[in-house]
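So you can see what is in the structure, the chains are spelled out below.
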Amino acid sequence: MAFVSSGYNPDKPMENRNSDIGPRKFDEFLPPVIKKNFGAWKYHEILEPGILVHVAESGDEVYSVRCGTARLMSVVHIKEMCDIADKHCDGYLRFTTRNNVEFMVDSKDKVDALKADLLSRKFNGGSYKFPIGGTGAGVSNIVHTQGWVHCHTPATDASGTVKVIMDELFDEFTGHNMPAPVRIAVACCLNMCGACHCSDIAVVGIHRKPPLIDHEHLDNLCEIPLAVAACPTGAVRPSKVEVDGTTYKTVAIKEERCMFCGNCYTMCPSLPLSDSEGDGIALMVGGKISNRISQPKFSKVVVAYIPNEPPRWPTLTKTIRTIVDVYSKEANKYERLGDWAERIGWERFFEKTGIKFTKHLIDDFRDPAYYTWRQSTQFKF
Amino acid sequence: MAKHETPLLDQLESGPWPSFVADIKQQAEVRAKNEEGIELQIPEEVCDDLLGVLELSYSDGETHWKHGGIVGVFGYGGGVIGRYCDQPEQFPGVAHFHTVRVAQPNGKYYTTEFLRNIMKIWEMRGSGLTNMHGSTGDIVFLGTTTPQLEEIFYELTHDVEVDLGGSGSNLRTPASCLGKSRCEYACYDTQAACYDLTMEYQDELHRPAFPYKFKFKFDGCPNGCVAAMARSDFSVVGIWRDEIRIDQEAVAAYVGGEFAPNAGAHSGRDWGKFDIQKEVVDLCPGKCIKYEDGKLSINDKECMHCMHCINTMPRALMIGNDRGASILCGAKAPILDGPQLSSLLVPFIKVEEPFDELKELIENIWDWWMEEGKNRERLGETMRRMGFQKLLEVTGIEADARHVQEPRHNPYIFWKADEVEGSWDRDINEYRKRHQR
């Protein structure tokens, strides 16, 4: 494994340096039919789940075949996508904001062969490489974060939880069998890199134990004032601790004030808080981003804690299945999960789904909590 | 033969959904064989060791990645995230496993030529594993070592002419929906706006000077496909302010059942015959649609721009011609002060090249936030702490009933001295002439 230089010269780092050149401009990569009809699209239809046609004012058509992916993907897999795009789509493809890949062709005649090719490809182990779906009133691909694959603060895995949820909801991905779109997101900790706080169903990794304190190393690895300032509830304060006759500058934590957000750990590696028994998942539902009919809204916590049960997280998938099934049966056409829950009332949501309401579901974080308590005798028995 | 036993992960190879485990295994195998004779610049067993450390996490229920260190390329403060394994002896292939964020083309269209070129860099100088794409939108290269970073940057910027994205307390890689390229709802050119502002603010993107991260996102319409209003500090959401265009013949075709409602999105179930009264008129939040004598009419003055009628009958209803965007500010995920959605700042703005109005607004907001924002405080939190009026003040925007859901509940109004007749300066002795002690 000899080192191969690209031409970069460490002695003269500014020599031939191309800095701040930004992304490649998008119009270099548009398929010809897209480029030709840019800004002149008339309407679209979903011909079947995962297959869209967009019709331009010129009469031109573009057919897009949408496939789910695992988001974490290898060079080998991406090259296979390129082979497919070269074979069927004149060398163009695109990805969606929900981590699907789309293959586009400019005539209906080309769709069947593309579709057959995509569905024929499977990984060793039997899973589809390119399942077609993710459109309309169904479940699209899950937006997610890194989890145990690559992140230093996760309370759960992301790629694994996504895999098991999408295995469970595969018919909902390949079908249009929901009352409205169901958008699911997974965040492996409260940082929510994917911002899943406005999803129909949000899976959020949570810690439940306060940070450990690595007293003997803390002052060497952290700026104590930053660690103190990082705590939103003021639970961290500067302190001194004696270990084996040596006094160390460190912090003390008022544990009952800790809400396990992990922000102190982000500022200070000597305050880790992950723990196999403490960590797990909070399940949130009823959020949305779209302005359609009702306003965008946050997801609400309906299960405060589900343990991590790798590799297939059975309690998590079963709970999601229950929510999806009850929603699917009860909601009106076009009604998002959160709109349905609000229409029937949250007391009914818990009754119908059989999810137990607990004290942990009552907000107690700062002022906004008050706006979630009931100030009325208008409720249902 | 796999380097590590992975009995737990192996269970994720079954089931219909694409298996990331199977995919990592296939990359591991290709690296081991190396039939193309690539001069691999990081350990050959990187993929095996990633599976190994992940298996350990699956049995421990805890992550095995250390707190990131500071790594990067010369002159940049972002774009690379340091990552080290906390069991380097067991998994030497991933002892150093840094992430490289690469700026994606807006709308995420690619030619296979470009994709193959960047993949070539990554199979030689990295793990061969990626995220397509990261949550913010970047192409994410997962796993390389420090000596490769400058080499990767050099090859990216010279051979494929693409730059790194953002990380840290800076402008994060802006993202847009696919906009006018393939959507009839786009009220402005999201890709052009996103590209122009990305290029304008390369310095802010690569050199952290902010209190915390800052995200722009560009949605072409209120459907919000890139989730701008949920997650960006500066959300540009397309909107029109004139009339929705109606094709009455197409309306009749929906009513008659010739066109499937909602573009066919409900095809998997029998919802019965399309009922325009129930499915469109009654669901309109502005209650401004009528369907009488076979004719649809909209009182556009009362339209809430929710998109429902247009989404339901895309062949009959089209966005208006006077198009632009609404600007909303301050969305974020829970860390630190709880989740926030973006709040409306500018009800309507024309979004046209050279986007000067947008830039002026952004720079005014940045000047204020950089002055007043605390360390790790997102714009939304600064807005809450300092008040929405402050944002109006620094951007020179007049208050408007559209800025609120409803007016305030309390009369604790922070009047300023210059807003009150005679100001606040008064003489206590004059007062005492009128009022005894």
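The sections below set out a description of the structure shown in this document. Values in this document were obtained by computation on a predicted structure and should not be read as measured data.

Regarding the packing of helix α12 (residues 356-372) of chain B against helix α14 (residues 388-395) of chain B
Residue and element names in this part refer to chain B. The geometry of α12 relative to α14 is characterised by a closest axis approach of 9 Å and an angle of 125 degrees between their N-to-C directions. By the angle class used here, α12 and α14 are oblique. With respect to the hand of their crossing, α12 and α14 are arranged in right-handed fashion. Packed against α12, whose contacting residues are L361, N364, I365 and W368, the element α14 presents K390, L391, V394 and T395 at the interface.

A closer look at the state of the cysteines
All names here are of chain A. Across all of its chains, the model carries 1 disulfide over all chains by this definition. Each disulfide pairs two cysteine sulfurs, and for C222 the partner residue is C268, the sulfurs being separated by 2.1 Å. Across the disulfide from C222 to C268, rotation about the S-S bond amounts to roughly 65 degrees, and the bridge is consequently right-handed. With C222 in the loop between α6 (215-221) and α7 (224-230) and C268 in the loop between α8 (263-267) and β12 (280-285), this pair connects stretches of sequence that are 46 residues apart. The burial state of C222 is the same as that of C268; both residues are buried.

Looking at the sheet that holds strand β2 (residues 99-102) of chain B
Strand order in the open sheet formed by 5 strands is β4(A)-β4(B)-β5(B)-β2(B)-β1(B), and the pairing between neighbours is antiparallel. Each edge of the open sheet carries a strand with a single partner, namely β4 (72-74) of chain A together with β1 (80-81) of chain B. Two strands pair when backbone bridges link them, and β1(B) and β2(B) are joined in this way by 2 bridges, in the antiparallel orientation. Following the sheet pairing, B:V80 is matched in β2(B) by B:V100. Together, β4 of chain A together with β4 (129-132) of chain B form the strand contacts of helix α2 (residues 75-88) of chain A, whose direction differs from that of β4(A) by roughly 80 degrees. Relative to strand β5 (residues 139-142) of chain B, helix α4 (residues 112-125) of chain B is tilted by about 25 degrees, and along the sheet it contacts β2, β4 and β5 of chain B.

Some points on the interface of chain B and chain A
Put simply, an interface is often sized by how much accessible area is lost when its parts join up. With 146 residues of chain B at the contact, the number on the chain A side is 143 residues. Interface of chain B and chain A: buried area, both sides summed, is about 12600 Å²; carbon and sulfur atoms make up 59% of it. If you sort the residues of chain B by the area they bury against chain A, B:W17, B:H67 and B:R182 come out on top, with a joint share of 8%. In this assembly, chain B and chain A are joined by 10 salt bridges. Linking chain B with chain A are 82 residue pairs in polar contact (both at pLDDT 80 or more), by the criterion used here. Top contributing element to the side of chain B that touches chain A by residue count: α4(B), with 9 residues. The residue makeup of the side of chain B that touches chain A, split by class, is 66 nonpolar, 48 polar and 32 charged. Strand direction decides the pairing type here: strand β5 (residues 92-95) of chain A and strand β3 (residues 109-111) of chain B, joined by 3 bridges, are antiparallel. Bridging from a neighbouring strand, A:R94 pairs with B:Y109 of β3(B).

Observations regarding the nonpolar core
Within the largest apolar cluster, 67 residues are counted, with the highest numbers of intra-cluster contacts made by A:I165, A:F349 and B:F20. It is helix α3 (residues 46-60) of chain B that provides the largest number of residues to this core, a total of 8 residues. The next biggest cluster of nonpolar side chains, apart from the first, holds 58 residues, and it includes A:V33, B:V71, B:L156 and B:L164.

A closer look at the packing of aromatic side chains
Inspection of every chain in the model, using the stated rule, returns 37 aromatic pairs over all chains. With a centroid separation of 6.4 Å and an interplanar angle of 75 degrees, the aromatic rings of A:F26 and B:Y195 are classed as edge-to-face. With A:F26 in the segment before α1 (32-36) and B:Y195 in helix α6 (residues 190-200), this residue pair bridges two chains. For the residue pair A:F26 and B:Y195, the accessibility class agrees, reading buried in each case. Here A:Y128 and A:F170 contribute two aromatic rings whose centre-to-centre distance is 5.7 Å and whose plane-to-plane angle is 10 degrees, an arrangement assigned as stacked. Taken together, the positions of A:Y128 in the loop between α3 (111-120) and β7 (143-144) and A:F170 in helix α5 (residues 170-173) put the pair 42 residues apart, joining distant regions of the chain. Residue classification places A:Y128 among the partly exposed positions, given a relative accessible area of 23%. Looking at A:F170, the relative accessible area reads 12%, which means it is buried. Joined through ring pairs, the aromatic side chains of B:Y201, B:F210, B:F214, B:F216, B:F218, B:F234, B:W366 and B:W369 make up one cluster.

Some remarks on the side chain of B:E184
Along the chain, B:E184 turns up in the loop between β6 (175-176) and α6. Among buried Asp, Glu, Lys and Arg side chains, B:E184 stands out as unpaired, with B:R182 the closest opposite charge at 7.8 Å. In terms of polar contacts, B:E184 uses its side chain to reach the side chain of A:H44, at 2.6 Å. Residues within four places of B:E184 in sequence aside, it is in contact with A:W41, A:K42, A:Y43, A:H44, A:H54, B:P314 and B:I319.

A few points about a negative patch on the surface
On the surface, B:E352, B:D356, B:E357, B:E360, B:E363, B:D367, B:E371 and B:E372 cluster together to form a negatively charged patch. By relative accessible area, B:E371 is classed as exposed at 65%.

Remarks on the pattern of salt bridges
Residues and elements named next belong to chain A. The final tally for this structure, using the stated rule, is 55 salt bridges over all chains. Linking K36 and D60 is a salt bridge whose minimum nitrogen-to-oxygen distance equals 2.6 Å. Remark: D60 occurs in the loop between β2 (51-56) and β3 (61-67) and K36 occurs in helix α1; sequence separation between them is 24 residues. A salt bridge links E351 to R348, with the nearest nitrogen and oxygen atoms 3.2 Å apart. Of the two residues, E351 and R348 are both situated in helix α11 (residues 346-353); the distance of 3 residues between them amounts to about one turn of the helix. Ionic contacts of the salt-bridge type, sharing partners, join the residues E80, K87, D117, R121 and K129 into one network.

What counts as what
- Every chain begins its residue count from 1, and numbering advances along the sequence as written.
- Following the order in which they are written, the chains are lettered starting with A and the ligands numbered starting with 1.
- Under the rules for a predicted model, residues below a pLDDT of 70 receive no local features and side-chain atom pairs below 80 are neither given nor counted, while totals for whole chains, interfaces and linings still include all residues.
- Computation of side-chain values: all heavy atoms of the structure, hydrogens and water removed.
- Note on definitions: angles span 0 to 180 degrees between N-to-C directions of axes, and those axes are lines fitted to C-alpha atoms, for helices only across the stretch in contact.
- In DSSP terms, a helix is any run of H or I states spanning at least four residues, a strand is any run of E spanning at least two, and both are numbered starting from the N terminus.
- Between 65 and 115 degrees an angle is taken as roughly perpendicular, under 35 as roughly parallel, over 145 as roughly antiparallel, and anywhere else as oblique.
- Helix crossings fall into two classes, left-handed where the near helix is turned counterclockwise from the far one by less than a right angle and right-handed where it is turned clockwise.
- We call two residues in contact when some of their heavy atoms are within 4.5 Å.
- Pairs of cysteine sulfur atoms within 2.5 Å are identified as disulfides in what follows.
- When accessible area is computed with a 1.4 Å probe and restricted to protein chains, residues below 20% of their type maximum are described as buried, those above 50% as exposed, and intermediate ones as partly exposed.
- At least two bridges found by DSSP between two strands is the condition for calling them paired.
- Buried area is a sum: the accessible area each of two parts loses on coming together, probed at 1.4 Å, counted once for each and added.
- When a carboxyl oxygen of Asp or Glu lies within 4 Å of a side-chain nitrogen of Lys or Arg, that pair is called a salt bridge.
- In protein, a polar contact requires one atom able to donate a hydrogen and another able to accept it; more generally it is a pair of N or O atoms within 3.5 Å, and residues adjacent in sequence count only if both atoms are side-chain atoms.
- Amino acids are sorted into nonpolar (Ala, Val, Leu, Ile, Met, Phe, Trp, Tyr, Cys and Pro), charged (Asp, Glu, Lys and Arg) and polar (every other residue, Gly among them).
- Buried residues of nine kinds, namely Ala, Val, Leu, Ile, Met, Phe, Trp, Tyr and Cys, make up a nonpolar core once their side-chain atoms join them within 4.5 Å.
- Pairing of aromatic rings covers Phe, Tyr and Trp, the last through its six-membered ring, and needs centres within 6.5 Å; plane angles under 30 degrees mean stacked, over 60 mean edge-to-face, and all others mean tilted.
- In this tally, Asp and Glu contribute negative charge and Lys and Arg positive charge; neither His nor the terminal groups of the chain are included.
- Patch rule: a residue counts if its relative accessible area is over 30% and it has no salt bridge; like charges are joined within 9 Å, and nonpolar side chains (Val, Leu, Ile, Met, Phe, Trp, Tyr) within 5 Å.
- Only the protein chains shown count as cover for residues, and all accessible areas are computed by the Shrake-Rupley method using a 1.4 Å probe.
- Each charge is placed at NZ for Lys, CZ for Arg, CG for Asp and CD for Glu.

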